[in-house]
Structure formats: C-alpha cells, structure tokens
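Here's the letter readout for the chains.
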There are 2 protein chains.
Amino acid sequence: MQGVGATEEAGAGSGVTERQGAVLEQALRLLVDGGERALTTAGVARAANCSKESLYKWFGDRDGLLSAMIAFQASKVRTLDVSGEALDGARLRAHLVAFATDLLEVLAGDVSLALNRLAIGQASREGSRLGRLLEERGRRQIGRRAGALLEAGRNAGLLGFDDAEEAYGALYGLVVADWHLRMLLGEDPSGLKKNFGLRAERAVNAFLALYGRKG
Amino acid sequence: MQGVGATEEAGAGSGVTERQGAVLEQALRLLVDGGERALTTAGVARAANCSKESLYKWFGDRDGLLSAMIAFQASKVRTLDVSGEALDGARLRAHLVAFATDLLEVLAGDVSLALNRLAIGQASREGSRLGRLLEERGRRQIGRRAGALLEAGRNAGLLGFDDAEEAYGALYGLVVADWHLRMLLGEDPSGLKKNFGLRAERAVNAFLALYGRKG
DNA sequence: CTCCATCAGTACCGTACGGTACGGTTCGCA
DNA sequence: TGCGAACCGTACCGTACGGTACTGATGGAG
C-alpha cells in the first residue's frame, strides 16, 4: 500500500503519487462533511493514516495542501467534447439540455460546494490564490465545453450570436440563476435537485428563444 | 459619546443602540478589509474603543456579533418601491435597467461581498444560520422590489408570464450570470464594474425579448 | 547482514483566539 | 458629595491549531 519510490504518478497527471492521492481523498472527505474547521493537519493525518511530517514534506504547508486538493479534484473531471457530429435542431437542443443538467449537478455536488466555500472563504486573504485556481480548473473547463457546443450550433446555422462569451453568459445565467449562491449559503440542495431536469429544459427553451435560428 | 441608558435606539429598528451601531460599523470595516481572519473580538474591541466585556454583554458571543453585523447592514438598505406609476414600455425598460444596475452594484459592494463570504464560509457549520439570515434580509428584500416591478409590468400588459418567480429568476440570471461568484472568488471587481451599465442594458433587452408583450 | 530512505506515531512549541475576571474611570442622579 | 451603573483597558486562562523534532518500524539495495 505504501509508495515504492516517490516517483509513481496516479492516474491524474498532476504530479501526485498514489499514496498522496489517497491522502487528498481523505482530506476532501473531511472537508465535505466538516467544513474548513474540520480540515486540520492533525485531522487529515489521522484520517489518512499518515504523519503530519509527511503532509508537510509532500505539500509544503496547509495552503499547499488546499491547492493540491483543488488540483486533485479538478484532475478527476474529464469533459468529453462531442464535436464533429452532424447537428440538427433536436440534437442541439438535447446537447444543451444535457449540458445544463450536468452543470447543475456539478455545481450541486458535495465536493464542488465544499471547495467553492473554501476558496471563497480564503478569497480576501493572500490575493485569492485558491479562487483563481478554482476558476482556472473548474469554470474554464466547463466553459470550453459550452463554447464548443455553441460554436458548433452557430456553424450549423442553428444559433446566431456575435459574442460567444455573451451567449454563454446568458445560457449560464438562465440555467443557474441564483441557485448556486443559495446552495453555497447552505440551503438544502435536496429540495432543489428534484427540479434540475425541468429547470434545464426551461432554461434551454429560453436560450433558444433568444439565440435560436430557424427553430 | 457613551450611551446614556442602554435604551436609545439607532435609526435602524433592530434593537441596537447608537454606540452598538458604531461598534458594528467598525466590525464591518475590519471584515471588509481583512476578511474573517481579521475579525477577532480583540480586534473589534480595539478598533471600536470598547472592551471585550461589553462586546459579550451586547452580542452574547462571536456568532451573535456576526448576526448583528448582518442585521445591522441590512437595516441600512432601504428599497423604495415605485408602484402606482403609470407604466409604458419605455418606463418599464428604464425601471428594469435601473434595477439591474442597482443589483449589480449592490452585489459588487465591499460590504456585501464580505458578508456573503463570511456566511458562505460558515455555511457548513451550525446549520448555516448566517446564510439563512443573509438570504432572508438581503435576497428577499431585493426580490420584492423586482417582484413588484414585474407584477406592475404584467398588470400594464407589458409583460407576460405565469410564474413570477421564474421570470424573476430569468432576469436575475441574465443580469448577474456568474459575475457574483467570480467576485466572491476574489476576481478584481474594478474591471467588471465599468461594464455594469452596458451589461444591465443587454440583460434587460434579452429579458424583454423573452417576456415582453407588444414591444 | 548492514546501510539507508521513507514513513507512522507522538510529543512538543509558539501563537492566536474566544471567553472571563478585575481594577479604575466616567457620568447620571439623589 | 456619595452611590451605583455602565464601561474601558488589560490581564488572564484554556484550548486548538500550524508547524517541527524525535523515535522506532519497515523494506529495499548492496
């Protein structure tokens, strides 16, 4: 179970050995069900059956651990883009709805909420390193998928817009509105999760009413 | 300068003496430019020239202080509703744009961002009391103003919708999108603030395209 | 078998913070 | 002038946490 030479990489390509990945997994679990207060170095060491000294050797300090947790979690998410497919109106709509539901479910996920809370809590400190990291690894990723989808729709003559960023912003806003903030503030997500399908449907309808062509 | 009988109420109707209001003001200032880490009881006492003992007498404990800060800040915001006015298309649009810019500027405000960060940071702890408080005092307030405006527009035959909550969600999403989250994560608001007017304009255009009648 | 690197477990240290207690001071009031 | 309430300033206490140092066990390499 222990690492063999401190050189093996886990499946994710982020310079983390298998053992360290297991430690980060435990740290994420602690963060999810205890908040930042529960994420102490001693607690992580205890939960992961490792020593504090190893934590500091591997991640430098507590901030390094937090950054590694964000990078580790982001490295587990792979967004496959569905380019090169012949699009018609129905297919585009289906892809948009799938994107919208995926977006809602990702944002409502335990780990996502916990990491966003963590980064927001640290935002006013030290120039918001974690915030930028989270934005880079998270939003940029999902934004790319949406961007590719929108571009494909425009190339197929199904969508009309000048600024892709603006169109994406409209789609995001119609889908998410203030639900993300409400969940971050602690509102029970279980009541909201049931409506994800219907919500995604309606948001896509509105988006297509704004940006759709010959539909 | 000192209170005279612990019975005087400040302008806001939230059971807070003038002296206590001044203390809360200092606490908010500390929170704004130092984050939660800077909001220590000793720091508040020092900044406000009061004793820690008084803090605990007035607010119970640290959580009571935080709650009082949120209530105090919310009590300073007064949203006047502009009902009873004869609406035409241009006036409705102007009111919507004004609401949108106000919304963006409120959300981008120093104190608002700091309080939201604070509540989000505590969300996983103790059942998110602060989160619910912030939602109650903040969102509910601005939601009422928007709701009244939308209802007035519908009554004047200028807007068409079945579910007012859904229409408000669309307006909110088109106006704010992910800007609030990005600001909460620490992105520099100065670059975003310049575009508030244009952004509000475009969002209202989109909203009217979705929900407008005979426009 | 021996050497060496890694790591778990623990003890330790300094500090910072929440909360409490106490002495001294101001000020209204009789 | 004396009393009492509120309050400031500060000292104090317990605790929790970040970070470091030490010990002993394991396992691979020569």
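- An unreviewed UniProt entry annotates chain A as TetR family transcriptional regulator originating from Sinorhizobium glycinis.

Focus on a positive patch on the surface
Right, so step 1: A cluster of basic side chains, namely Arg-37 and Arg-125 of chain A together with Arg-37 and Arg-125 of chain B, defines a positive patch on the protein surface.
Right, so step 2: Mapping Arg-125 of chain A onto the fold places it in the loop between helix H6 (110-121) and helix H7 (129-155).

Concerning the side chain of Arg-117 of chain A
Right, so step 1: Tracing the backbone through its elements, the reader meets Arg-117 of chain A in helix H6.
Right, so step 2: There is a polar contact of 2.9 Å between the side chain of Arg-117 of chain A and the backbone oxygen of Met-183 of chain A.
Right, so step 3: The contacts of Arg-117 of chain A, once residues within four sequence positions are left out, are Met-183, Leu-184 and Gly-186 of chain A together with Ile-120, Ala-123 and Ser-124 of chain B.

Re the protein's contact with DNA strand C
Right, so step 1: Taken together, 14 residues sit near DNA strand C, with Arg-19 and Ser-54 of chain A together with Lys-52, Glu-53 and Arg-62 of chain B positioned nearest.
Right, so step 2: The sugar-phosphate portion of DNA strand C accounts for 55% of its atoms within 4 Å of the protein, the bases making up the rest.
Right, so step 3: The separation between a phosphate oxygen of DNA strand C and a polar side-chain atom of Ser-54 of chain A is 2.8 Å.
Right, so step 4: For DNA strand C, a base oxygen lies 2.5 Å from a polar atom in the side chain of Lys-52 of chain B.
Right, so step 5: Secondary-structure elements contributing two or more residues to the surface near DNA strand C are helix H3 (52-59) of chain A together with helix H3 (52-59) of chain B.
Right, so step 6: Of the residues in the surface near DNA strand C, the class split is three nonpolar, five polar and six charged.

Describing the pattern of salt bridges
Right, so step 1: If you walk through the whole model with that rule in mind, you get 23 salt bridges over all chains.
Right, so step 2: One salt bridge connects Arg-139 of chain B with Glu-165 of chain B, and the closest N-O pair in it is separated by 3.7 Å. Remark: Glu-165 of chain B occurs in helix H8 (residues 164-176) and Arg-139 of chain B occurs in helix H7 (residues 129-155); sequence separation between them is 26 residues.
Right, so step 3: Accessibility expressed as a relative area gives 22% for Arg-139 of chain B, which makes it partly exposed.
Right, so step 4: With a closest N to O distance of 3.6 Å, Arg-182 of chain B and Asp-178 of chain B form a salt bridge. With respect to class, Arg-182 of chain B is no different from Asp-178 of chain B; both count as buried.
Right, so step 5: Three or more residues are tied together by salt bridges with common partners; here these are Glu-135, Arg-139 and Glu-165 of chain A together with Asp-178, Arg-182 and Glu-187 of chain B.

Definitions and cut-offs
Residues numbered from 1 in each chain as written. Chains lettered and ligands numbered in written order. Predicted model: local features only at pLDDT ≥ 70, side-chain atom pairs only at ≥ 80, totals over all residues. Heavy atoms only, no water. Patch = residues over 30% accessible without salt bridge, like charges linked within 9 Å, V, L, I, M, F, W, Y side chains within 5 Å. Areas by Shrake-Rupley, 256 points an atom, 1.4 Å probe, with all protein chains shown as cover. Salt bridge = Lys/Arg side-chain N within 4 Å of Asp/Glu carboxyl O. Lys, Arg positive; Asp, Glu negative; His and termini not counted. Charge placed at Lys NZ, Arg CZ, Asp CG, Glu CD. Helix = DSSP H or I, 4+ residues; strand = E, 2+ residues; numbered from the N terminus. Polar contact = N/O pair within 3.5 Å; in protein donor to acceptor, adjacent residues only side chain to side chain. Contact = heavy atoms within 4.5 Å. Near = heavy atom within 4 Å. Nonpolar A, V, L, I, M, F, W, Y, C, P; charged D, E, K, R; others polar. Buried < 20%, exposed > 50% of the residue type's maximum accessible area, 1.4 Å probe, protein only.

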